[in-house]
Amino acid sequence: MSLTTDPVSGPYQYLKAQSRWRVLEVAFWLCTLLPYFLFPNYLVLASQIAITALFALSLDLILGYAGIVSLGHAAFFGLGAYAAGILSKHGWGEPITGLIVGGVIAALVGYASSFIISRFRHLTLIMITLGLGLLLHEAANSAHFLTGGADGLQGVKIWKIFGLYGFDLWGYTAYTYSLIVLFLGFLLARRITNSPFGLALRGIRENAVRMPAIGAPSHAHIRKIYTISAAMAGVAGALLAQTTETVALEVLSFQRSADTLVMLVLGGAGMLYGGIVGSAIFMIARDQFSGINPQYWYFWIGLLLIVVVMVLPNGVLGGLKKLFTTWRGPS
Amino acid sequence: MSAPDKTIPALSTQSVDKSFGSLVVAKGISLTLPQGERYALIGPNGAGKTTLINLMTGMLNPDNGRIFLGGDDITTLKPDARVKRGLVRTFQINTLFPHLTALESVTLAICERRGDAGVWWKGLPSYHRDAEEAYGILSSLKLSPVAYKPTHELAYGQQRLLEIALALATKPKVLLLDEPAAGVPHEESSELFSVIAELSKDIAILFIEHDMNVVFRFASRIIVMVGGAILVDGTPDEIAADPRVREVYLGKGHRAHG
Ligand SMILES: Nc1ncnc2c1ncn2[C@@H]1O[C@H](COP(=O)(O)OP(=O)(O)OP(=O)(O)O)[C@@H](O)[C@H]1O
Ligand SMILES: [Mg+2]
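Quick caveat: nothing in here was measured; it's all calculated off a predicted structure.

Caption draft 1: Spatial organisation of the pattern of salt bridges. Residues and elements named next belong to chain B. Inspection of every chain in the model, using the stated rule, returns 16 salt bridges over all chains. Asp233 is paired through a salt bridge with Arg221; the nearest N and O atoms lie 3.3 Å apart. Taken together, the positions of Asp233 in strand β10 (residues 229-234) and Arg221 in strand β9 (residues 221-226) put the pair 12 residues apart, joining distant regions of the chain. For Asp233, a relative accessible area of 38% corresponds to the partly exposed category. Among the ionic pairs, Asp242 bridges to Arg244, the shortest N-O distance being 3.2 Å.

Caption draft 2: Layout of the site of ligand 1. Residues and elements named next belong to chain B. Around ligand 1, the surrounding shell holds 13 residues, and the nearest of these are Asn45, Lys49, Thr50, Thr51 and Gln92. Interatomic distance of 2.5 Å between a side-chain N/O atom of Thr51 and an oxygen atom of ligand 1. Contact with the protein chains hides 61% of the accessible area of ligand 1, taken as 640 Å² for the molecule alone. Looking at the shell around ligand 1, the elements with two or more residues in it are β2 (23-33) and α1 (49-57). For the shell around ligand 1, the element with the highest residue contribution is α1, accounting for three residues. For the shell around ligand 1, a count of residues per class yields four nonpolar, seven polar and two charged.

Caption draft 3: Region of interest: the packing of helix α13 (residues 254-267) of chain A against helix α14 (residues 273-292) of chain A. All names here are of chain A. Following both chains from N to C, one finds α13 and α14 inclined at 115°, their axes separated by 7 Å at the closest point. Judged by the angle between their axes, α13 and α14 are roughly perpendicular. Both α13 and α14 take part in a crossing whose hand is right-handed. Between α13 and α14, the residues in contact are Asp259, Val262, Met263, Leu264, Leu266 and Gly267 and Gly274, Gly275, Gly278, Ser279, Phe282 and Arg286, respectively.

Caption draft 4: Representation of helix α4 (residues 43-65) of chain A. Residues and elements named next belong to chain A. Across its 23 residues, α4 extends 31 Å between first and last C-alpha, which sits within 8% of the 33 Å expected from 1.5 Å per residue. Along its length, α4 shows its largest kink, about 35°, at Leu59. Of all the 23 residues making up α4, 21 are buried; the element is thus mostly covered by neighbouring parts of the structure. Just beyond α4, the residue with positive phi is Gly67, at close to 75°.

Caption draft 5: Spatial organisation of the domain arrangement of chain B. Residue and element names in this part refer to chain B. Each domain of chain B was delimited in the assignment, giving domain 1 (1-86 + 173-258) and domain 2 (92-171). The C-alpha centroid of domain 2 is placed 25 Å from the C-alpha centroid of domain 1. On the domain 2 side, the residues contacting the 17 residues of domain 1 number 12 residues. Where domain 1 meets domain 2, there are zero salt bridges. Counting residues per element, the ones that place at least two in the side of domain 1 that touches domain 2 are α2 (79-84), β7 (174-178) and α6 (186-197). Class assignment for the residues of the side of domain 1 that touches domain 2 results in 10 nonpolar, two polar and five charged.

Caption draft 6: Fine view of the coordination of the magnesium ion (ligand 2). Coordination of the magnesium ion (ligand 2) by the protein is provided by Thr50 of chain B (OG1) and Gln92 of chain B (OE1), with metal-donor distances spanning 1.9 to 2.2 Å. With Thr50 of chain B in helix α1 and Gln92 of chain B in the loop between β6 (87-89) and α3 (102-114), this residue pair connects regions lying 42 residues apart in the sequence.

Caption draft 7: How the structure looks around the interface of chain B and chain A. Contact residues are listed per partner, giving 42 residues for chain B and 35 residues for chain A. Among the residues chain B hides against chain A, the three largest losses belong to Trp120, Leu124 and Tyr148 of chain B. Together they make up 21% of the total. Along the contact surface separating chain B from chain A lie two salt bridges. The partner of Arg210 of chain A in a salt bridge is Glu163 of chain B, and the shortest N-O contact between them spans 2.6 Å. Summed over the shared surface of chain B and chain A, the result is 15 residue pairs in polar contact (both at pLDDT 80 or more). When contributions to the side of chain B that touches chain A are tallied by element, the ones reaching two or more residues are α2, β6, α3, α4 (128-140) and α5 (156-169) of chain B. The element contributing the most residues to the side of chain B that touches chain A is α3 of chain B, with seven residues. Considered class by class, the residues forming the side of chain B that touches chain A number 25 nonpolar, eight polar and nine charged.

Caption draft 8: Here's a closer look at the layout of surface pockets. A volume near 660 Å³ is recorded for the second largest pocket. Of all the secondary-structure elements, those providing two or more residues to the lining of the second largest pocket are α12 (218-244) of chain A together with α2 of chain B. Tallied by class, the residues present in the lining of the second largest pocket amount to 13 nonpolar, six polar and six charged.

Caption draft 9: View of the sheet that holds β9 of chain B. All names here are of chain B. A sheet is described by the order of its strands in space; here six strands give the open sequence β6-β7-β8-β3-β9-β10, paired in mixed fashion. Edge strands, defined here as strands with exactly one partner in the open sheet, are β6 and β10. Going from strand to strand, the sheet's axes swing by 20° on average, the running direction of each strand aside.

Caption draft 10: Quick look at unusual backbone geometry. Residues and elements named next belong to chain A. Even without glycine at this site, Glu245 takes up a positive phi of about 50°. As for its position among the elements, Glu245 is in the loop between α12 and α13. Positive phi is not limited to glycine here, since Leu272 has a value of about 65°. With respect to the helices and strands, Leu272 occurs in the loop between α13 and α14.

Caption draft 11: Just a nonpolar patch on the surface, in detail. Residue and element names in this part refer to chain A. Together, Trp21, Val26, Leu30, Leu33, Leu34, Phe37, Leu38, Phe39, Tyr42, Ile180, Leu184 and Leu187 make up an exposed nonpolar region whose accessible area comes to about 1,200 Å². Taken together, the elements giving at least two residues each to the nonpolar patch come down to α2 (23-31), α3 (34-38) and α9 (172-193). Tracing the chain through its elements places Trp21 in the loop between α1 (11-19) and α2.

Caption draft 12: Local environment of the sheet that holds β2 of chain B. All names here are of chain B. If you trace the four strands from one edge of the open sheet to the other, you get β2-β1-β4-β5, paired in antiparallel fashion. In this open sheet, the two strands that pair with only one neighbour each are β2 and β5 (72-73). Here strand β1 (residues 11-20) runs beside β2; their pairing, made up of seven bridges, is antiparallel. Bridging across to β2, Val16 finds its partner in Ile29. On the sheet, α1 packs against β1, β2 and β4 (64-69) and is oriented at approximately 115° with respect to β1.

Scoring rules and cut-offs
- Residues numbered from 1 in each chain as written.
- Chains lettered and ligands numbered in written order.
- Predicted model: local features only at pLDDT ≥ 70, side-chain atom pairs only at ≥ 80, totals over all residues.
- Heavy atoms only, no water.
- Salt bridge = Lys/Arg side-chain N within 4 Å of Asp/Glu carboxyl O.
- Helix = DSSP H or I, 4+ residues; strand = E, 2+ residues; numbered from the N terminus.
- Buried < 20%, exposed > 50% of the residue type's maximum accessible area, 1.4 Å probe, protein only.
- Near = heavy atom within 4 Å.
- Polar contact = N/O pair within 3.5 Å; in protein donor to acceptor, adjacent residues only side chain to side chain.
- Areas by Shrake-Rupley, 256 points an atom, 1.4 Å probe, with all protein chains shown as cover.
- Nonpolar A, V, L, I, M, F, W, Y, C, P; charged D, E, K, R; others polar.
- Axes fitted to C-alpha atoms, helices over the stretch in contact; angles between N-to-C directions.
- Parallel < 35°, antiparallel > 145°, perpendicular 65-115°, else oblique.
- Left-handed = near helix turned anticlockwise from the far one by under 90°.
- Contact = heavy atoms within 4.5 Å.
- Expected span 1.5 Å × (residues − 1).
- Bend = angle between axes of the 7 residues up to and from the residue.
- Domains from an automatic or database assignment.
- Donors = N, O, S within 2.8 Å, 3.2 Å for Na, K, Ca; no water.
- Buried area = accessible area lost by both parts, 1.4 Å probe.
- 1 Å grid on protein atoms, 1.4 Å probe; cavity = no way out; pocket = protein on both sides within 12 Å on 5 of 7 lines; lining within 4 Å.
- Points joined across faces, edges and corners; volume = space filled by probe spheres on them.
- Pairing = 2+ DSSP bridges.
- Patch = residues over 30% accessible without salt bridge, like charges linked within 9 Å, V, L, I, M, F, W, Y side chains within 5 Å.

Structure (structure tokens):
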């Protein structure tokens, strides 16, 4: 028996059971508080992980749920980062509104590009997203007056959150702030994936041919989730700009898009937690390994990636889930 | 909606043409499916039957000709818009959602029909009425015991029934069934067709089927297609007696109707 086939008495109970909070989930979120006590010296890293996790979560919404593979999702992360950074450089350093501006700018560009995205699939789609990412990266590189180009955006100054909590050197505020935003983003993603719209997205992922035959406007669905995902990526970018008080050209890089895809696949796509777990594994491993031998870091990530996709097609989380299911009871 | 005028055909096509490169797969296809009727579309492999369904449902665009649903020209409508107007098909090869449960799949089709599928701010449990309706459809097709199973774990015959369940969930006015019993053992296939025969008479049905016993039992009229063109159409008796049909179709070692 699998976890999801607890005895159910009817469709309503079934739907309820599907969207219920599980004990493991609560435990997971409690664990995100551990860095305060166990690794107080690593709160800066922890905040970076939370930000990357939010970005990976935004990618999961389109990849894991709607089946849209993107190699240029950093475009929206970077847009959000630059929007929040430039806003603060020009005198408005209020963090919450900065996040909103970052999200809105990314959402607008996401919505505009979604009209192209929704028409294509497979390799064409990957190439279009890749092209969009490269395009924005080069645009930011040449718009030196606005972005600082390859030198990065300097002079970002973020005010205290609610006028009370300033960003400290140890990353205490940064982690708390990032973690709260990540959790809110997670709640949103969880609600979306448990909604009728989320079911329609899974339908697109499972069989794009059947969708129009049951009367589904797949293109409209894709435009909607792509816009939501872009907004979430933009908020993640804005968070990075605010917590580090700088924006490097790297926020728009192909490397960032690719790394995030790797994190999501490592953790397990289509499970909400996969991106979060993947980001944590990736970034902690990078922090540890690159200290020992920086140039070989990607060798190990490459190896890990190959092993995981071969042995655990649903990522680390998918593997754990399977293990847990078999341990729970023979099926 | 006002009471439908019975003289307007549920579905009709006017001189529809389609070629794939040099291969002509539809040549001047004109057919009429009256309301509430059960028509069969038969013909040898590669005759262009599935292609015709693709053309009628908008999955392919015709090179020439027009398609009408209840008197409205739908030739340029997108497939999902045609479904919204009541023109619905099933697939010869299972075209399902492998990792959705049977209940989720049918609930999805109902959410789409009711316009609920765009809602992302409310949880699915708020739409339990859609799920209960889905469960009802599954029960009527004897699929309730597997309602909570992922589609890919269903037996093949159950998957064929789920094909029909998905179509019914959209509340069709015209149902195009592409070999609904394809691959189903002989004994089960007549059971499956009894289910189809019992569907509401408000639904006009055009079904493709190779088994002549089934065709002669369930069709009020039979359309014979050969090489992308309609060879002849008529009542089962007319078709059984037609020498041309015997020659190109029944003559090829097929079990002739007794
Ligand atoms: N997309 C396509 N591109 C090119 N040729 C195609 C395409 N779809 C179908 N054909 C060809 O068109 C012809 C008619 O195919 P179709 O599937 O409509 O036949 P059918 O009558 O449904 O046959 P069957 O009884 O085997 O299902 C076949 O020769 C097929 O190979
Ligand atoms: Mg066919």
